[in-house]
Amino acid sequence: MKWMIISDIHGSYDDLKRVMDIYEKEKMDKLLILGDILYHGPRNDLPKGYAPKKVIPLLNRYKDQIIAVRGNCDAEVDQMVLEFPMRADYHELYVDGHRIFMTHGHLYNEGQMPLLFKGDILMYGHFHKPMIYEKDGVIIFNPSSISLPKEGVKSYGVYENHQLQIFSIEKTLIKSLEL
């Protein structure tokens, strides 16, 4: 089982295409999307390759492999064109003895924790900064943004064999944590 975790696409077709090429090449099983899929948001510059109408069919090709949550830049109308559920504020997954709490980060994050327990994983985007660390027994994970990173590196996450990793879209390992 190999999962790719992305966040904050913000309508960038060019960046999403690069990431989906990696997804295919690496034979990933699931794509977890942590929100902000189509719209760039009022505080962001247009990302390079901004083309939400091209992002839609690219993601819809993988609709049976996607688990997604709503970001603060996602709208109800987005669900009308995306063929996978993406309007929930959070989603819980259970894998390898861990509960994963997926959310965007504007409602729940390291400063506004949901009710989690030792061994749980809080997975969110929103802040566009890559991080993996443990806080009071809970793993905090943010893959950053594939299109508008705040620390200069476009990145995505991978979960495989009890390990969380963050890679640049050039496939350079940035951070890693064994669970």
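Up top is the structure.
Reference entry: report on the structure contained in this document. (Residues numbered from 1 in each chain as written. Predicted model: local features only at pLDDT ≥ 70, side-chain atom pairs only at ≥ 80, totals over all residues. Heavy atoms only, no water.)

### A short note on the overall build of the chain
Helix and strand counts for the chain stand at 2 helices and 11 strands. In the chain, the succession of α and β elements from N to C terminus is β-α-β-α-β-β-β-β-β-β-β-β-β. Radius of gyration (C-alpha) of the chain: 15 Å, near the 16 Å computed for a compact globule of 179 residues. The dimensions of the chain, computed from C-alpha atoms along their principal axes, are 40 × 30 × 30 Å. Counting across all 179 residues of the chain, residues that qualify as buried make up 53%. Looking at the chain as shown, the accessible area adds up to about 8400 Å², and 50% of this sits on carbon and sulfur atoms. Taking the average place of the 22 positive charges on the side chains of the chain and the average place of its 25 negative ones, the gap between the two points comes to 4 Å. (Helix = DSSP H or I, 4+ residues; strand = E, 2+ residues; numbered from the N terminus. Rg over C-alpha atoms; globule rule 2.2 N^0.38 Å. Buried < 20%, exposed > 50% of the residue type's maximum accessible area, 1.4 Å probe, protein only. Areas by Shrake-Rupley, 256 points an atom, 1.4 Å probe, with all protein chains shown as cover. Lys, Arg positive; Asp, Glu negative; His and termini not counted. Charge placed at Lys NZ, Arg CZ, Asp CG, Glu CD.)

### Side note on the sheet that holds strand β10 (residues 163-168)
Ordered in space as β3-β2-β1-β9-β10-β11, the 6 strands form an open sheet in which the pairing is mixed. The open sheet is flanked by β3 (66-68) and β11 (173-178), the only strands paired with a single partner. Neighbour-to-neighbour, the strand axes of the sheet open up by a mean angle of 20°, direction not taken into account. The sheet strands contacting helix α1 (residues 13-25) are β1 (2-6), β2 (30-33) and β9 (155-160), and the helix crosses β1 at an angle near 170°. (Pairing = 2+ DSSP bridges. Axes fitted to C-alpha atoms, helices over the stretch in contact; angles between N-to-C directions. Contact = heavy atoms within 4.5 Å.)

### Observations regarding the pattern of salt bridges
Enumeration over the complete set of coordinates arrives at 11 salt bridges. Here Lys 171 and Glu 26 are joined by a salt bridge, their closest N and O atoms 3.0 Å apart. With Lys 171 in the loop between β10 and β11 and Glu 26 in the loop between α1 and β2, this residue pair connects regions lying 145 residues apart in the sequence. Lys 171 sits in the partly exposed class, given a relative accessible area of 37%. With its nearest N and O atoms 3.0 Å apart, the salt bridge here joins Lys 63 to Glu 83. With Lys 63 in the loop between α2 (52-60) and β3 and Glu 83 in the loop between β3 and β4 (90-95), this pair connects stretches of sequence that are 20 residues apart. On the basis of relative accessibility, which here comes to 42%, the residue Lys 63 falls in the partly exposed class. Overall, the relative accessible area of 48% leaves Glu 83 in the partly exposed class. Because the salt bridges share partners, they merge into one network encompassing Lys 2, Glu 26, Glu 160 and Lys 171. (Salt bridge = Lys/Arg side-chain N within 4 Å of Asp/Glu carboxyl O.)

### As for a nonpolar patch on the surface
Where nonpolar side chains cluster on the molecular surface, the patch consists of Val 77, Met 80 and Val 81 and spans about 300 Å² of accessible area. Mapping Val 77 onto the fold places it in the loop between β3 and β4. (Patch = residues over 30% accessible without salt bridge, like charges linked within 9 Å, V, L, I, M, F, W, Y side chains within 5 Å.)

### Brief notes about the side chain of His 98
Tracing the backbone shows His 98 in strand β5 (residues 98-103). Judged by its relative accessible area of 13%, His 98 falls in the buried class. Polar contacts involving the side chain of His 98 include one to the main-chain carbonyl oxygen of Gly 119, which spans 2.6 Å. In this view, His 98 contacts Leu 93, Gly 119, Ile 121 and Leu 179; residues no more than four positions away in its chain are not counted. (Polar contact = N/O pair within 3.5 Å; in protein donor to acceptor, adjacent residues only side chain to side chain.)

### Structural notes on the packing of α1 against α2
Running from N to C, α1 and α2 cross one another at 20°; their axes reach a closest spacing of 9 Å. One element, α1, and the other, α2, form an angle in the roughly parallel class. Taken as a pair, α1 and α2 cross one another with a handedness that is left-handed. Only Lys 54, Val 55, Leu 58 and Leu 59 of α2 make contact with α1, whose side of the interface consists of Tyr 13, Leu 16, Lys 17 and Met 20. Class assignment for the residues of the contact of α1 with α2 results in 6 nonpolar, no polar and 2 charged. (Parallel < 35°, antiparallel > 145°, perpendicular 65-115°, else oblique. Left-handed = near helix turned anticlockwise from the far one by under 90°. Nonpolar A, V, L, I, M, F, W, Y, C, P; charged D, E, K, R; others polar.)

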